[in-house]
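Okay, here's what each chain looks like letter by letter:
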Amino acid sequence: MANNPHTTPNSGAPNDTDFKTNEQSKSENLEKYRSDATGHDLRTNHGTRIADNHNSLKAGERGPTLLEDFVFREKLNHFDNERIPERIVHARGAAAHGYFQPYDNAAQYSKASLFQDHGKKTPVFVRFSTVQGSRGSNDTVRDVRGFATKFYTDEGNWDLVGNDMPVFFIQDAIKFPDFVHAVKPEPHNEIPQGQSAHDTFWDFVSLMPESTHMVLWTMSDRAFPRHYRNMEGFGVHTFRLIDKQGRSRFVKFHWKPLAGTCSLIWDEAQKLWGRDPDFNRRMMWEDIENGDFLEYEFGIQVVEEEDEHKFDFDLLDPTKIIPEEQVPVTPIGKMVLNRNPDNYFAETEQVAFNPAHVVPGIDFTNDPLLQGRLFSYLDTQMLRLGGPNFNELPINQPVCPFHNNQRDAMHRQTINKGQASYEPNSIDGGWPSETPAAPENGGFESHYERIDAHKIRARSPSFGDHYSQATLFWNSQTDVEKEHIIAAYTFELSKVQRPWIRERMIKEILPNIDLELARRVGENHGIEAPTEKPAAPEELGRISQLESPALSLMARLPGNIQYRKVAILAADGVDGDQIEALKKKLEAEGAQGLVIAPSMAPVKAAGGKSVTPDAMLNGMPSVAVDAVVVPGGTDSVEALAQSGQGRYYVQEAYKHLKAIAAVGEGKLLLDAADVPTGEEGVLTGAAVDDVFAPLRDAMGQHRVWARDPKANDMPA
Ligand code: HDD
């Protein structure tokens, strides 16, 4: 604990202002807590060496265990208490360490130290999560993803606790418990896990028009990202940045993934629940281990104070975006996630985020959802982490010095020296002392804002528009995306038992987004949707632009095949040279070719070479890869064509709009599986060179979108 910043002796003049973080500061801070058992004896928690860890102390070899056995009791006692309450929301998460580096332009917007110097790397810890399910639920469920970032800055921790969607379900935090009770598994039977497709969720949202915009986002393919590296992140609320002159500007925070935005297909996401429930966390873990780091650009939409009321909507309303065409996103930095945690519980589970953790240069607005959050997060950590000292847990500690007069409570680690735990004091030299606000290295000062108002329990009429931006989102989707949204509402409502809830959605909510959307979903439920929007004009709101291209997932497709996984199907007799050629070409583009075989036994390639499979057909099914290639080799292709798993592999890839290529005899597998060749994204050729370029181009578009209308004809 010698370097614990909390315990640095506070004698003499403090040097807090000289404190500077670097990329390694958090890792160095964690180092003193890391424990490596290599070469050490097994001991009890109080240090006694253990001679026998297999047998409890008994009265005779076949007799009862004795209470005296402190080794046994300590071990069981600790085990019995290993669990802490899971998060009430966002229970399932995965996290990584990394750094944030500002661009040259960042300092003009905020005096926060992390934005000042382009060369400076501030350590970060980011936890991604799903919202609805418990800790053991699946990664690829239809849900919002949490995107919570802890910046360990020179001036303390800043937590940007965002999501992968830019709006929220409710406008006022007082509705949060209602919303969460409605979306969580139902109280009488705890069903369903990880899903919103149930009565209480649709009952609530159909009675709460303000949820419409966000629900529409969750009905889009954004609700199951392919990879955490492929999703955007948003601070959601309007925040403030304060510059060195004390000037405040409104901002919305954005994370833009450098690898582009892409999602799974709903059928694929569902199949992954069973085939690889850890799909997203595994990919992130493996990529980081392989040195394929996750990268995001950090951007802000900036609105000058005087422009606050220039929009069709209220900047304080968290159910609204600022369309990027009205206020473009200015990139001000970059984040790289490059290190996996050492221990899931100590880091990912015990990390405690809180939107109230800000540093000078960043401030809140009066968004009523944000205001409520400023209370809720600290409160929940008390229960989850067992009291007010959770800030001392290694992952939560700031890396800068932190001294104050808070004392005692459960599990206090810090040994505070001195007699005066109050301020002002003259006994301990007046330390720790306040720091006046300043352009640099100052104390935190809330933005000086005039509030002249009645105490009132009401919602501003400027929060009354519940539909215009849902319509904007709908209008901005491509035809394929719209079809997926229609299918999503149809599916979700099909799980709702009470007919009046389905009717309410189709007759009273969906038409306000778009009449055609309501008609199509209604048709699938045998419910006639109205032909005119039923909501009052103030609820429909005003829409000053008809479309926002930035809202389509297609706006940020990767364009390349970096980090993509390609299955190369092989059985005995496969053309080994083609496999080698393919692997090389894929590697050169930053992608990975994986040999998938009927079993894990080495494949005997034509010509005698032996190829070691990376996985088996049912061990790495098509849902776990981005594209499939069938190399030539008559025996290999015939064996795959005769196997149900072999045919299913390419059928399923076809259904999920993946690029498929067959080289030489490989085409026979596609024929046997009734996968139509000769159409876009199903490529055949005599040699690897014939299919590689079109395969790469198709994968760069993430999926073969033109196939979508007929994909469901495939029975896989
Ligand atoms: Fe929240 C966790 C994001 C509204 C109360 N929230 C939590 C996490 C994320 C968000 C990413 C997980 C953090 C982690 O990985 O540990 N929450 C949001 C966003 C919101 C939002 C983007 C709206 C813009 N949240 C919200 C409201 C309230 C809460 C309105 C309560 C008034 N959120 C919580 C919580 C959680 C939480 C109950 C559960 C676990 C935790 O805080 O640490 O306090």
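Predicted, not measured: the structure shown is a model, and the values here were computed from it.

A. Representation of the domain arrangement of the protein within the structure. Splitting the protein by domain gives domain 1 (93-205 + 225-392), domain 2 (466-555) and domain 3 (560-711). For domain 2 versus domain 3, the distance between C-alpha centres works out to 38 Å.

B. The coordination of the iron atom of the ligand, seen in detail. Within the protein, just one atom coordinates the iron atom of the ligand: Tyr377 (OH), at a distance of 1.8 Å. Inspection of the secondary structure puts tyrosine 377 in helix α9 (residues 368-384).

C. The arrangement of the side chain of histidine 702 in detail. Inspection of the secondary structure assignment puts histidine 702 in the loop between α19 (688-700) and α20 (708-711). Assessed through its relative accessible area of 3%, histidine 702 is described here as buried. Looking at histidine 702, its side chain comes within polar contact range of the main-chain oxygen of serine 263, at 2.6 Å. Engagement of the side chain of histidine 702 in a polar contact is seen with the side chain of arginine 564, the distance being 2.8 Å. Leaving out residues up to four positions away in the same chain, histidine 702 has contacts with Arg226, Cys262, Ser263, Leu557, Pro558 and Arg564.

D. Expanded view of the packing of aromatic side chains. Applying the stated criterion across every chain yields a total of 33 aromatic pairs. Judged by centre distance (5.6 Å) and plane angle (85 degrees), the ring pair of phenylalanine 100 and phenylalanine 151 falls under edge-to-face. Within this pair, whereas phenylalanine 100 is found in strand β1 (residues 93-102), its partner phenylalanine 151 is found in strand β3 (residues 145-153), the two being separated by 51 residues in sequence. Classification of phenylalanine 151 as buried rests on a relative accessible area of 0%. Between phenylalanine 253 and phenylalanine 298, the aromatic rings sit 5.5 Å apart at their centres with planes inclined by 15 degrees, giving stacked as the arrangement. One end of the pair, phenylalanine 253, is in strand β7 (residues 248-257); the other, phenylalanine 298, is in strand β8 (residues 294-304), with 45 residues separating them in the sequence. Here phenylalanine 253 and phenylalanine 298 have matching classes, each one buried. Joined through ring pairs, the aromatic side chains of Phe100, Phe115, Phe128, Phe147, Phe151, Trp158, Tyr228, Phe239, Phe253, Trp255, Tyr296 and Phe298 make up one cluster. The lysine or arginine in question, lysine 121, covers the ring of tyrosine 99, its NZ or CZ lying 4.4 Å from the ring centre. Above the plane of the ring of tyrosine 563 lies arginine 229, whose end atom (NZ or CZ) is 3.5 Å from the centre.

Conventions and cut-offs
Residues numbered from 1 in each chain as written. Predicted model: local features only at pLDDT ≥ 70, side-chain atom pairs only at ≥ 80, totals over all residues. Heavy atoms only, no water. Domains from an automatic or database assignment. Donors = N, O, S within 2.8 Å, 3.2 Å for Na, K, Ca; no water. Helix = DSSP H or I, 4+ residues; strand = E, 2+ residues; numbered from the N terminus. Buried < 20%, exposed > 50% of the residue type's maximum accessible area, 1.4 Å probe, protein only. Polar contact = N/O pair within 3.5 Å; in protein donor to acceptor, adjacent residues only side chain to side chain. Contact = heavy atoms within 4.5 Å. Phe/Tyr/Trp six-rings, centres within 6.5 Å; stacked < 30°, edge-to-face > 60°. Lys NZ or Arg CZ within 6 Å of the ring centre and 35° of its normal.

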